[in-house]
Amino acid sequence: RSLNQNCINIKHGEITFDNIIIPYYLLIPNSVTPIKKYPCIILSNGLDSVTEVEIFSFAEQFLFSGIAALLFDGPGQGVNLGLNPLPVKFESVVQ
């Protein structure tokens, strides 16, 4: 909820992976026009961190450089901790 009050351009959504709902945030630099392509970094939190705190702070540094950031809680991480198992081959989530 606090991210909705922020002045950063944030798009929130969900994707499904192996029947698991994975929430994400797409942070877009304010200097970018909607039709222009721009670089984007993908950031995922660790097992015990919170995307909306630690990873968000890290992503802000990329935004200041004109780089968008896609933040997500992977299966078994963040908001999904304890709700589903952490996949053995985690790299399959971002393919």
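Engineer: Would you mind going over the environment of I8 with me for this structure?
Structural biologist: Position of I8 relative to the elements: it lies in the segment before β1 (9-17). Once the C-alpha coordinates of I8 and E60 are considered, the two residues, 52 residues apart in sequence, prove to be 8.9 Å apart. Among all residues touching I8, those that are not within four sequence positions of it are L27, F56, E60 and L63.

Engineer: Sorry, what's going on with the nonpolar core here?
Structural biologist: In summary, soluble globular proteins display a tendency toward joint burial of nonpolar side chains. Ranked by size, the top nonpolar core spans ten residues in total: I8, Y25, L27, L43, I55, F56, A59, L63, A69 and L71. Sorting the residues of this core by element identifies β2 (20-28), α1 (51-64) and β4 (68-72) as the ones contributing at least two each. Looking at which element gives the most residues to this core, the answer is α1, with four residues. Beyond its immediate chain neighbours, meaning those up to four positions away, A59 contacts L27, L43, A69 and L71.

Engineer: Explanation requested: the sheet that holds β4 in the structure shown.
Structural biologist: To summarise the sheet geometry, strands pair through backbone hydrogen bonds and adopt either a parallel or an antiparallel arrangement. Strand order in the open sheet formed by four strands is β1-β2-β4-β3, and the pairing between neighbours is mixed. The open sheet is flanked by β1 and β3 (40-44), the only strands paired with a single partner. Strand-to-strand, the axes of this sheet are offset by a mean angle of 25°, without reference to chain direction. Alignment of β3 against β4, held across five bridges, turns out to be parallel. Paired with S44 across the two strands is F72, which belongs to β4.

About the thresholds
Residues numbered from 1 in each chain as written. Predicted model: local features only at pLDDT ≥ 70, side-chain atom pairs only at ≥ 80, totals over all residues. Heavy atoms only, no water. Helix = DSSP H or I, 4+ residues; strand = E, 2+ residues; numbered from the N terminus. Contact = heavy atoms within 4.5 Å. Core = buried A, V, L, I, M, F, W, Y, C linked by side-chain atoms within 4.5 Å. Buried < 20%, exposed > 50% of the residue type's maximum accessible area, 1.4 Å probe, protein only. Pairing = 2+ DSSP bridges. Axes fitted to C-alpha atoms, helices over the stretch in contact; angles between N-to-C directions.

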